[in-house]
Amino acid sequence: MSADQPPYLVADLSLAAFGRKEIQLAEHEMPGLMAVREEYASSQPLRGARITGSLHMTIQTAVLIETLTALGAQVRWASCNIFSTQDHAAAAVAVGPDGTPDDPKGIPVFAWKGESLEEYWHCTELALTWPGGDGPNMILDDGGDATLFVHKGAEYEQAGGVPSPSEDDPEEWVIILDRLRNSLADHPGKWTRATGSIKGVTEETTTGVHRLYEMAKAGTLLFPAINVNDSVTKSKFDNKYGCRHSLIDGIKRGTDVLIGGKVALVCGYGDVGKGCAESLRGQGARVIVTEVDPICALQAAMDGYQVATLEDVVSTVDIFVTATGNRDVITADHMSRMKHQAIVGNIGHFDNEIDMAGLAKWQGVRRVIIKPQVDEWTFPDGHGIIVLSEGRLLNLGNATGHPSFVMSNSFTNQVIAQVELFTKTAEYPIGVYTLPKHLDEKVARLHLDALGVRLSQLTKEQADYIGVSVDGPYKPEHYRY
Amino acid sequence: MPLLAALHERFAGERPFEGLSIAACLHITAETAMLVRLLRAGGAAVSLAASNPLSTQDDIAAALALNHEIAVFARAGVDRRGYYRHIELALGHAQPHLVIDDGGDLVNTLHTRAAALLPNVLGGCESTTTGVIRLRRMAAEGALAFPVIAANDTATKRMVDNTCGTGQSAVDGILRATNTLLAGKTVVVAGFGASGHGVAEYARGFGAQVIVTEVDPVRALDASLRGFRVLPMVQAAPLGEVFVTATGSVDVINADHLTVMRDGAILANAGHFDVEIDVRALAGLATQVHHDVRPHVDAYDLGDGRTLLLLAEGRVVNLVAAEGHPPEVMDLAFGIEALALAWLAGNTGKLPAGVHEVPADIDAEAAGLVLATTGTSIDTPTTAQLAYRESWRIGS
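Residues numbered from 1 in each chain as written. Chains lettered and ligands numbered in written order. Predicted model: local features only at pLDDT ≥ 70, side-chain atom pairs only at ≥ 80, totals over all residues. Heavy atoms only, no water.

*Asks:* Could you clarify how one ought to interpret the sheet that holds strand β12 (residues 288–294) of chain B in this entry?
*Replies:* Two orientations exist for strands paired in a sheet by backbone hydrogen bonds: parallel and antiparallel. Residue and element names in this part refer to chain B. Strand order in the open sheet made by the eight strands is β9-β8-β7-β10-β11-β14-β13-β12, with mixed pairing throughout. Pairing within the sheet leaves two strands with one partner each, and these edge strands are β9 (229–230) and β12. Taken together, the four bridges between strand β7 (residues 186–190) and strand β10 (residues 242–245) define a ladder with parallel strand orientation. Within the sheet, the bridge partner assigned to Ala 190 lies in β10 and is Thr 245. (Pairing = 2+ DSSP bridges. Helix = DSSP H or I, 4+ residues; strand = E, 2+ residues; numbered from the N terminus.)

The structure is reproduced here in structure tokens:
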């Protein structure tokens, strides 16, 4: 690291006290992480680990970071999204539990809400650049940006240079290439050395996991990876229980509309759609589901939901929610036929489920900003619809995303995966792995006490009868929870 | 039935009905047997007739007559004339001081064909909503000759008996009669009173999409806010696969509705009388009727390729096709009735003729006794809390 590199980059260190209070509240709701801290307090399995994290810099992530350090790791952090940082969380992490804004003693964090793309990749590179110019020896990734950066760096070092961008490359790719070009000039061989010393990456989310499998298939993956996303205690909790919680929260914060008695339409009945439909019904809405998959459609019908096509019900629905993972599910034409003041929102990962571009182009349509993330779009015939978060994830845009307890499940998987890869490196040749089922079960187990759950115990005879060990794993790999 | 067991013990000691005669007209089931035995243990002479010609369990009737000193006048499957004859016999045998009715047929008979017995009667209890509605009409015309306590109409009973009991057992009756899978079906519930609410909730619990029909805007709004689709019956009729009436009204499903129903639609009534589905209209529309295609299922062939399935001849499906309310529900309902009757016996002459509510402390006493039998403890208000509740001086 060059001498002029900053020890941290955050919006405002004075927010640290507020952040610390919220971290303390979150710790109570993250029993898995706190149990892991206790379990490994003396053995310090991550001593010697230099972890670079690229993951939304929120309060819950602060509890994750401080769990990693409690296990002996050194940590550097950047956010994995330009908008998702909670500035008070970043400040509290930079200041640390024992520091003050005037004398920060926390960890190097490079993240603030509202970064430009240039700033974002600068932060990612800072998080990947350790004192002395070394790279990390572990990566904790969400979406795969840190993994991408070190892989591309090593690739271009081998190739002898960074290629020039072509004209139709996206803006972001041009920025990445520029940054790598400077890096290769200033620190030749840095990323080849880094990838050589990285023991592995643990990846949080679907998008990043997809990239990892692609690289493994192409033979370009340079270190082993654990796919945390597909742990049951991650994906089920995020998708079903997380969205069940935060969908309603987002709709209410955005509109404060009474949900009881309304007709709500949920597009898609996967894990996310199931959680959404359940919570809308729980609030007293009459829920209609749309599906393309006959199995999910039948499931919805068996659960007592009306299953219809969007075309048939578009003019009778009060609240629309897209949860499909697909594009152009609600079109501008649909929106032109909706009821006056119908609410339209998306909880799928990307912002293409609702055709916002088509809406903006509609002849004579007018947009009035009611408040941040809540717009009324009025059509020439006078009817208006309320669009939440401009068609982006409304549970993050209008509310605060997944609650701490849900993230405790995800992040406990992350910590356990980091310990696995760092301490059992030899057992994981280059490839992409999911956590073994007994560790998935362990994550669940660590969350039971906080809920007052009393688990029954198999007898030896019962365990033998179904062919499992008394201590698990209890289910075959193909079991669908 | 722990509440009745507890009361049995208490009444055997206190003998509140010593020297009194009671005529009862109730569905003759195991639960009713517990009630009349408890009245007997409390010192009463008891005559019992059936309140529905299809619901009598003959084995219970026989056991009560043979082993428990109850004068029983009931047999399953009697016709309408036999049904009323049994009520008259029970009244004549009892020369009652107190009556218990379920639907108002006994009280009606007492004021018409058995009016000579009226001067002897001190009061009575009515068990069901339909009966109470009838009694109020009688009272409004000045025709009711003695005080009747509307035992159905307490907060506790509405909650447990109508909502939970009818809700569960009406669905049970439909399942037993048809073995149809409710998940994914469209179920139309007519009426969103305490019973209809229960039926709607339980049907939803089975995975059905439930449509509610109502005439009362307050109840319709309640149904809507609880997430049920609310439609007029004429619009619900072509959508429904299972229809359940729970209104206490007449011709809720009529020829206009029947003519637009889907092939295979199932028709069931959870209301007290067999008038909610216009069975005569259904018979008129049918070109052929296949009786008992399954027990309690009649198939009405409409001659255009559609067949409608009528359960229990349009009579109360939870009693005919299933076993009525589960014992826990009837335990509470009959417990309230027994407590109310004992209170009447000890307070003769204090109530004018007419329909009266159950005193609130009796309702609370019954609920408290049930909680005690389940081992559930509740809080007791502190002196400060009691004082606060009484005071108007203390604000925020």
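*Asks:* What exactly am I supposed to notice about the interface of chain B and chain A here?
*Replies:* A common way to report how large an interface is uses the accessible area buried once the components associate. Taken together, the contact pairs 14 residues of chain B with 15 residues of chain A. The junction of chain B with chain A conceals about 930 Å² of combined surface from both sides, 55% of it contributed by carbon and sulfur atoms. The three residues of chain B that bury the most area against chain A are Gln 209, Leu 225 and Arg 229 of chain B, which together make up 44% of that side's buried surface. Across the contact surface, chain B and chain A share zero salt bridges. Counting the contacts that link chain B with chain A gives five residue pairs in polar contact (both at pLDDT 80 or more). Partitioned by chemical class, the residues of the side of chain B that touches chain A number six nonpolar, five polar and three charged. (Contact = heavy atoms within 4.5 Å. Buried area = accessible area lost by both parts, 1.4 Å probe. Salt bridge = Lys/Arg side-chain N within 4 Å of Asp/Glu carboxyl O. Polar contact = N/O pair within 3.5 Å; in protein donor to acceptor, adjacent residues only side chain to side chain. Nonpolar A, V, L, I, M, F, W, Y, C, P; charged D, E, K, R; others polar.)

*Asks:* Please explain a negative patch on the surface as it appears in this structure.
*Replies:* Residues and elements named next belong to chain A. Side chains of Glu 118, Glu 119, Glu 171 and Glu 172 sit close together on the surface and give a patch of like negative charge. Among the elements of the structure, α5 (117–128) and α7 (171–186) are those that each provide at least two residues to the negative patch. Mapped onto the fold, Glu 172 is located in helix α7. (Patch = residues over 30% accessible without salt bridge, like charges linked within 9 Å, V, L, I, M, F, W, Y side chains within 5 Å. Areas by Shrake-Rupley, 256 points an atom, 1.4 Å probe, with all protein chains shown as cover. Lys, Arg positive; Asp, Glu negative; His and termini not counted. Charge placed at Lys NZ, Arg CZ, Asp CG, Glu CD.)

*Asks:* Looking at this structure, I do not really get the packing of aromatic side chains. What am I missing?
*Replies:* For any two aromatic rings, the description comes down to two numbers: the centre-to-centre distance and the angle of the planes. Per the counting criterion, the structure on display carries 11 aromatic pairs over all chains. Between Tyr 269 of chain A and Tyr 305 of chain A, the ring centres sit 5.8 Å apart and the planes meet at 65°, which makes this aromatic pair edge-to-face. With Tyr 269 of chain A in the loop between β7 (263–267) and α11 (271–282) and Tyr 305 of chain A in the loop between α12 (294–302) and β9 (306–307), this pair connects stretches of sequence that are 36 residues apart. Note on accessibility: Tyr 269 of chain A and Tyr 305 of chain A belong to one class, buried. Put simply, the rings of Tyr 120, Trp 121, Phe 149 and Trp 191 of chain A touch in pairs and so form one group of aromatic residues. Over the face of the ring belonging to Trp 130 of chain A we find Arg 76 of chain A, whose NZ or CZ atom lies 5.7 Å from the ring centre. Its guanidinium or amino end placed over the ring of Phe 228 of chain B, Arg 204 of chain B lies 3.9 Å from that ring's centre, counting from NZ or CZ. (Phe/Tyr/Trp six-rings, centres within 6.5 Å; stacked < 30°, edge-to-face > 60°. Buried < 20%, exposed > 50% of the residue type's maximum accessible area, 1.4 Å probe, protein only. Lys NZ or Arg CZ within 6 Å of the ring centre and 35° of its normal.)

*Asks:* What's the story with the pattern of salt bridges in this structure? I'm lost.
*Replies:* A side chain of one charge can pair with a side chain of the opposite charge if their charged atoms are brought near each other. Tallying each qualifying case throughout the model produces 36 salt bridges over all chains. Between Glu 27 of chain A and Arg 37 of chain A there is a salt bridge, with its nearest N and O atoms 3.6 Å apart. Separated by 10 residues along the polypeptide, Glu 27 of chain A in helix α1 (residues 16–28) and Arg 37 of chain A in helix α2 (residues 31–39) bring together distant segments of the chain. Under the relative-accessibility criterion, Glu 27 of chain A is labelled buried at 18%. Close ionic contact of Glu 201 of chain B with Arg 204 of chain B constitutes a salt bridge, the shortest N to O distance being 3.8 Å. Linking Glu 201 of chain B with Arg 204 of chain B, this pair stays in helix α8 (residues 194–205), spanning three residues, or about one helical turn.

*Asks:* Would you mind showing me how to read the side chain of Asn 137 of chain A here?
*Replies:* Residue and element names in this part refer to chain A. By the secondary structure assignment, Asn 137 is in the loop between α5 and β4 (138–141). A polar side-chain atom of Asn 137 sits 2.5 Å from the main-chain amide nitrogen of Arg 50. Every residue in contact with Asn 137, bar those within four places of it in the chain, is listed here: Gly 48, Ala 49, Arg 50, Ser 197, Ile 198, Lys 199, Gly 200 and Phe 422.

*Asks:* What am I meant to see in helix α15 (residues 360–373) of chain B here?
*Replies:* In an α-helix, one turn spans 3.6 residues, which is why side chains three or four residues apart end up on the same side. Residue and element names in this part refer to chain B. Taking 1.5 Å per residue as the helical rise, α15 with its 14 residues ought to reach 20 Å, and the 20 Å between its terminal C-alpha atoms agrees with that figure. Taken residue by residue, α15 has Ile 362, Asp 363 and Ala 366 as its buried positions. Down the axis, α15 shows its buried residues gathered within 105° of arc, on one side only. Opposite its buried face, α15 presents the exposed residues Ala 360, Asp 361 and Ala 372, each directed more than 90 degrees away. On its buried side, α15 packs onto α1 (2–14), α7 (155–178) and α14 (327–346). One or two residues past the end of α15 sits Gly 375, with phi positive at roughly 75°. (Expected span 1.5 Å × (residues − 1). Arc of directions from axis to C-beta.)

*Asks:* Is there a simple way to explain the pairing of β7 of chain B in this structure?
*Replies:* Where a strand is regular, its side chains alternate between the two sheet faces. Residues and elements named next belong to chain B. Here β7 lies mainly inside the structure; five of its five residues are buried. For β7 and strand β8 (residues 209–213), the ladder comprises five bridges, and the chain directions are parallel. Paired with Thr 186 across the strands is Gln 209, a residue of β8. You can see the chain leave β7, run along α8 and come back into β8, and the turn it takes is right-handed. (Right-handed = clockwise from strand over helix to strand, strands pointing away.)

*Asks:* Looking at this structure, how should I read the side chain of Asn 227 of chain A?
*Replies:* All names here are of chain A. Looking at the secondary structure, you find Asn 227 in strand β6 (residues 225–227). When its relative accessible area of 0% is taken as the criterion, Asn 227 is described as buried. Side-chain polar atoms of Asn 227 contact the side chain of Tyr 213, separated by 3.3 Å. Those residues within four positions of Asn 227 in sequence are excluded, and the remaining contacts are Glu 203, Val 209, Tyr 213, Val 432, Tyr 433, Thr 434 and Leu 435.

*Asks:* Could you clarify how one ought to interpret the sheet that holds strand β14 (residues 384–388) of chain A in this entry?
*Replies:* Residues and elements named next belong to chain A. The strand order β9-β8-β7-β10-β11-β14-β13-β12 describes an open sheet built from eight strands, whose pairing is mixed. Each edge of the open sheet carries a strand with a single partner, namely β9 and β12 (366–371). Examined bridge by bridge, β12 and strand β13 (residues 374–378) share five bridges and lie antiparallel to one another. Pairing of Arg 366 across the sheet is with Thr 378, part of β13. Against the sheet, helix α10 (residues 232–255) contacts β10 (319–322), β11 (342–346), β12, β13 and β14, and its axis sits at roughly 125° relative to β14. (Axes fitted to C-alpha atoms, helices over the stretch in contact; angles between N-to-C directions.)

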